[in-house]
Amino acid sequence: MLKKVLSIFLLISFFTFIIVSCNEDDEQVSIQELMISSFEIVSNEKNGVITRTKISSEILAEYDITDHGVIWLDKNTLIDKLQLGKLENFFFEATLYNGLIKGQTYFVYPYLRTEFGTIYGDTLSFKSNVEIDVSITGLSPRNGFIRDTIVIIGKNFCTSSFNNSNSFLLDESYHEVIFESDSLIKTVVSPYLKASELKPSLKSCGIITNIDGVFSIDLPKLDSISNKNLYVGEELVVYGKNIHNNISKVWLEGIETELITTDSITLLKIKVPENLPSGKLDFKLQVLDKIIEKEDYYQSTTPVIEEVTPRSTGFLDTLTIKGKFLDQRSDVFEVIIGNQVQNIISKNDEEIKVIIDQLFTVDNPELILNTGTFSLSEPITMLPPQILSFDKKKYHIEDNIIIKTKYYLGDRNTAKIGDVIANTENAYSQIDYDGTFNVNLKEWLNVKSLYPEYNIKSPGLIEVFIETNYGSSSLDFSIYSPEITKINKASFFHESSIVLEGNDFGYDRGYIGVGKIYINDILIPDPGISTYSLHNQRAQVPIPNTLYPGNHKIKIITGGQESNEVSFTIKSLSANDLNPKVGTRKDTYIIEGSNLEDTYSYIIKANGHYCDKLNATQNQVKFRLPQSIELDPTTTITIEYGPQVINVGTINIIEPYERIPEYQFSLADYHLGSFGFEYNGMFHYINRHGIYRLNNNSYIWDKIENNVPSDLSFSNGKINPPIINNKLFIYAVNNTFKTYDLITQTWESKGLDIEAGLFINRAVAIDNNNLILALSEENFGSTSFYKYNLNTDQKEQISSPPNFEINAGNAYFFIFYSSGDKVYLSSPNFNVMVYNTITNVWTDIGHPKSSNFFYDMNLYEYNNVLYFSGGQGNIREERGLFTYDIQTKQWEEKTPMLNVMRNHFVFGLGQDLYFLLGNGLYGHENKELMKYNIDVDPN
């Protein structure tokens, strides 16, 4: 016979042990010399099928055959495997009988297992003639319980094999065999039973043989139950016989319980369930189909509340809860009243004491006891709070007050003093369990804050009010009358303040005032200014303007209670003389009189307009007229002191300025950048929207050009663009000018030959052919000055003013202006410089201001006089006007302009100068035209 390797398709349907055999077959193909030479069925009879297997190998001893045998199947299903162990001969026989049924066809093949792998022989089929006569002659005992031993007596019992073990069955449940022979089998009853009367049977030789009769399970017996009071979730033990958790069920008062696995047949452990009623409970035990019931067998530990005292209660009251089994020995144990967990003082199974110390606002509160898995509730009634007493009969407003209450839980949102809810945690101490809390009135009433709002009842009573959701209570306490102990002065000027010190003033700020100040029995209302204040120990009130010089009295009334009165005096003031009698707004004027040293106490007016006071002594005050007002030629000077108006005298005013009322300012987008210039005796203006000309008679702007190139470079700084041969030069980009012919009204481009890296910062014309240019490097690294010939495009550098520099910070704040043969230059932190185009020399002509950090002014030469107007320094915009006489080389201050002016323009006509455009006060556009008569100004 050829060597046979078992096909894989036979193994796929085998049980697990066949799969293991296949895994061990991994190396069989490497065995060449060891072969099964023959396999045959020797006999097929009633007592078994005998097979014979022969081995073909001359070196059998070199192979360690650790196991050999045969395997038989029903089609692809394993029936059994006969394992014969170590093989030492060249053949072996095997007898098969387990699981074989007469007349049925089976398949069989041999195997050899070596250290090198497993070898299989050919597969043979046969029709079984085996008929094993398994007979049972006895079974005892016929009744018992779990873990009892049952003995089966008979003959022809098979020994348990690879796939056919002996098994004992009660109905369909298998039970463990602990001993077997061909005539005796012992088994132990397992817990997997479903009835008390069971049909026995034996499985041996692969055949199940029924046994006559039944096996009965012994009846259960109940001895006792643990007598300890047990709570939900704890283990209740039931003792008895013939009981087991796997076949038993237990009910307490109809509620099925959870059994805990013990595998005992003498006790059951039960987990005490939830939702048991209170009192004695019926007990029911079922073991298989046998039931034992006992009435009132188990004492329930379900909690029950029998009494709550008192049911009418309040906050901080102590409640007593009485009942049974109240403490369930669980982590869950709390008393909730009004949805808030309250403080438990003591507890046991029969009594709980709790204090209601957590605030709630439930309309109909309940007491809820959560213990273990139980939640019990009882209705209660909450009583309103009560104020019982105070610790003193009378208080200062900044005292501490001890308030004794009942049924009240101190909360700042439910208590008021003088109608004020407490607004700070520092105001009062936490309430004691006896209902007492300590209030700091100074903190609570907030007498030192800007806006306290408490009330004082007249006369001198403050109400304490407490409230809960269940009612309220109030009680008044008395406060001391206010007392003034000190006044800051005995006599006062007007516009000064009286300061009082003392006690219990209350206050007079906010919406509800409890303290009031009276002078001469007349209420001084709070004017809502900082010089008025009324706090508990300090009050300040400005002198009313209605008080005439003389003696007066002051007092404080707080909550209907008056303080003592304190006397004081208002000083008198007089004015005797005024000088000079004629002058301008530039001049300083002097008033002679008495008590003039306090300049805050009185006002000097010129025709009703405020004057600026400069300095004063007791008998003299210096002042200046209003600077922005066109005063009447004859102006009356008065002093206002409290209710008094003192006529000081008159001044004849010389005013060289006038505002032109018919002037119309309606230039579009003036603020986007603009330039002004003079041409043919008229002032012109150019911006992005056009060129405008000011009519010298009607003072109306006439638009003379609509078309303005889009690439013109405008700025908000003051620039006078050059005019040469009737052409207006406006800087564009890339060192190019756009020229506008004022006669033909046409635009052209004029590029200048400027090397790369430089740009034209400023340009002025000095004659009909030449410009003076200020050329700056990028980022204003340096600035140099050049003369540029427009005909030849030749430029030559000229000298720069000594120490002069322009940087990114002041590049747009310097003025470059030409007139005749002179070029003027002014920039912040430098004096005014003049360049003579004939001598090519720069001259420092000084500065009219005390500081030369000045910018945004105007320089304008007219009739051989340089005018320096407006501008701004470190402090504010200015209205000043200064002149520099080119002949005498002296600066002189003139009467200041009526308007503050920056970046403005000036032009002259006849004996008048006109100031216009630019920015006024706070940077607003100047919409007025102001005319200045040079001859009228006496300065």
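Residues numbered from 1 in each chain as written. Predicted model: local features only at pLDDT ≥ 70, side-chain atom pairs only at ≥ 80, totals over all residues. Heavy atoms only, no water.

Colleague: How should I be thinking about the overall build of the protein in this particular structure?
Modeller: Within the protein one finds three helices and 87 strands. Based on the C-alpha atoms only, the size of the protein along its principal axes is roughly 160 × 100 × 45 Å. Across the 939 residues that make up the protein, the buried fraction comes to 50%. Excluding contacts between residues fewer than 6 apart, the proportion of contacts in the protein whose partners are at least 24 apart in sequence is 55%. As displayed, the protein offers around 44,000 Å² of accessible surface, 45% of which is attributable to carbon and sulfur atoms. (Helix = DSSP H or I, 4+ residues; strand = E, 2+ residues; numbered from the N terminus. Buried < 20%, exposed > 50% of the residue type's maximum accessible area, 1.4 Å probe, protein only. Contact = heavy atoms within 4.5 Å. Areas by Shrake-Rupley, 256 points an atom, 1.4 Å probe, with all protein chains shown as cover.)

Colleague: Looking at this model, I keep getting lost on the pattern of salt bridges. Mind explaining?
Modeller: When the charged atoms of two side chains with opposite charge come close together, those side chains can pair. A complete count under the given rule lists 30 salt bridges for this structure. With a closest N to O distance of 2.6 Å, aspartate 64 and lysine 86 form a salt bridge. In this pair, aspartate 64 is assigned in the loop between strand 2 (48-56) and strand 3 (65-74) and lysine 86 in the loop between strand 4 (77-83) and strand 5 (91-96), connecting sequence segments 22 residues apart. Salt bridges linked by common partners bring Glu40, Arg52 and Glu93 together as one network. (Salt bridge = Lys/Arg side-chain N within 4 Å of Asp/Glu carboxyl O.)

Colleague: Help me understand the side chain of glutamine 342, please; the structure alone is not making it clear to me.
Modeller: As for its position among the elements, glutamine 342 is in the loop between strand 31 (340-341) and strand 32 (343-347). Within the structure, the side chain of glutamine 342 is placed 3.2 Å from the backbone oxygen of isoleucine 337, a separation counted as a polar contact. Among the polar contacts made by the side chain of glutamine 342, one reaches the main-chain carbonyl oxygen of glutamine 340 at a distance of 3.2 Å. Contact partners of glutamine 342, with chain neighbours within four places excluded, come to Val335, Ile337, Val354, Ile355, Ile356, Asp357, Gln358 and Phe360. (Polar contact = N/O pair within 3.5 Å; in protein donor to acceptor, adjacent residues only side chain to side chain.)

Colleague: For this particular structure, what's the right way to read a negative patch on the surface?
Modeller: On the surface, a cluster of negative charge is contributed by Glu253, Asp282, Glu293, Glu295 and Asp296. When residues of the negative patch are assigned to their parent elements, the largest contribution, three residues, is made by strand 26 (residues 290-299). With respect to the helices and strands, the residue aspartate 282 is situated in strand 25 (residues 280-287). For aspartate 282, a relative accessible area of 31% puts it in the partly exposed group. (Patch = residues over 30% accessible without salt bridge, like charges linked within 9 Å, V, L, I, M, F, W, Y side chains within 5 Å. Lys, Arg positive; Asp, Glu negative; His and termini not counted. Charge placed at Lys NZ, Arg CZ, Asp CG, Glu CD.)

Colleague: Mind showing me how you'd approach the packing of aromatic side chains here?
Modeller: Scanning the entire structure with this criterion turns up 40 aromatic pairs. Aromatic side chains phenylalanine 315 and phenylalanine 360 sit 4.9 Å apart centroid to centroid with 55° between the ring planes, which places their arrangement in the tilted category. Taken together, the positions of phenylalanine 315 in the loop between strand 28 (312-313) and strand 29 (318-324) and phenylalanine 360 in the loop between strand 33 (351-355) and strand 34 (366-371) put the pair 45 residues apart, joining distant regions of the chain. Residue phenylalanine 315 shares its accessibility class with phenylalanine 360, and that shared class is buried. On the basis of an interplanar angle of 70° and a centroid distance of 5.8 Å, the ring pair of phenylalanine 853 and tyrosine 855 is categorised as edge-to-face. When its relative accessible area of 15% is taken as the criterion, tyrosine 855 is described as buried. What links up through ring pairs into an aromatic cluster is the set Phe683, Tyr685, Tyr692, Tyr699, Trp701, Phe905, Phe907 and Tyr914. The ring of phenylalanine 333 carries the charged tip of lysine 347 above its face, separated from the ring centre by 4.3 Å. (Phe/Tyr/Trp six-rings, centres within 6.5 Å; stacked < 30°, edge-to-face > 60°. Lys NZ or Arg CZ within 6 Å of the ring centre and 35° of its normal.)

Colleague: Before we go on, may I ask you to explain the pairing of strand 74 (residues 770-777) in this structure?
Modeller: For a regular strand, the rule is simple: side chains alternate between the two faces of the sheet. Buried residues dominate strand 74, accounting for seven of its eight residues. Pairing analysis gives seven bridges linking strand 73 (residues 758-765) to strand 74, with the strands arranged antiparallel. When the sheet's bridge partners are listed, isoleucine 760 is paired in strand 74 with leucine 775. Here strand 73 folds back onto strand 74 in antiparallel fashion, the turn holding four residues. When strand 74 meets strand 75 (residues 783-789), the two strands line up antiparallel, connected through seven bridges. Counterpart to serine 776 in the pairing with strand 75 is threonine 783. In sequence, strand 74 turns back onto strand 75 through a hairpin of five residues, with asparagine 779 there showing a positive phi of about 60°. (Pairing = 2+ DSSP bridges.)

Colleague: What is the right way to read the layout of surface pockets from this model?
Modeller: Of the pockets and cavities examined, the largest pocket occupies roughly 750 Å³. Lining of the largest pocket is provided by 29 residues; of these, Arg624, Lys849, Arg876, Glu878 and Arg879 occupy positions nearest its centre. Residue composition of the lining of the largest pocket, by class: 12 nonpolar, seven polar and 10 charged. Each pocket or cavity is described by its volume, and for the second largest pocket that value is around 470 Å³. If you trace the second largest pocket, you find 20 residues lining it, with Glu678, Pro721, Ile723, Tyr817 and Ser818 closest to the centre. Taken together, the elements giving at least two residues each to the lining of the second largest pocket come down to strand 65 (675-679), strand 73, strand 77 (815-819), strand 81 (858-862) and strand 85 (905-909). Of the residues that constitute the lining of the second largest pocket, the class distribution is 14 nonpolar, four polar and two charged. (1 Å grid on protein atoms, 1.4 Å probe; cavity = no way out; pocket = protein on both sides within 12 Å on 5 of 7 lines; lining within 4 Å. Points joined across faces, edges and corners; volume = space filled by probe spheres on them. Nonpolar A, V, L, I, M, F, W, Y, C, P; charged D, E, K, R; others polar.)

Colleague: Sorry if this is basic, but what is going on with empty space enclosed by the protein here?
Modeller: One water molecule sets the probe size; rolling that probe over the atoms shows where empty space is left. Throughout the structure, instances matching the rule amount to two cavities of 30 Å³ or more. Approximately 40 Å³ is the volume found for the second largest cavity. Residue lining of the second largest cavity: Lys718, Ile719, Asn720, Arg762, Ala763, Val764 and Phe816, and that is the complete set. Examining the composition of the lining of the second largest cavity, we find that three residues originate from one element, strand 73, more than from any other.

Colleague: Even after reading the chapter, I still don't get the sheet that holds strand 75, so can you show me in this structure?
Modeller: Note on sheets: strands pair through backbone hydrogen bonds, and any given pair is parallel or antiparallel. Within the open sheet, the four strands sit side by side as 73-74-75-76. Their pairing is antiparallel. The open sheet has two edge strands, strand 73 and strand 76 (794-798), and neither has a second partner. The average angle at which neighbouring strand axes cross in this sheet is 30°, direction not considered. (Axes fitted to C-alpha atoms, helices over the stretch in contact; angles between N-to-C directions.)

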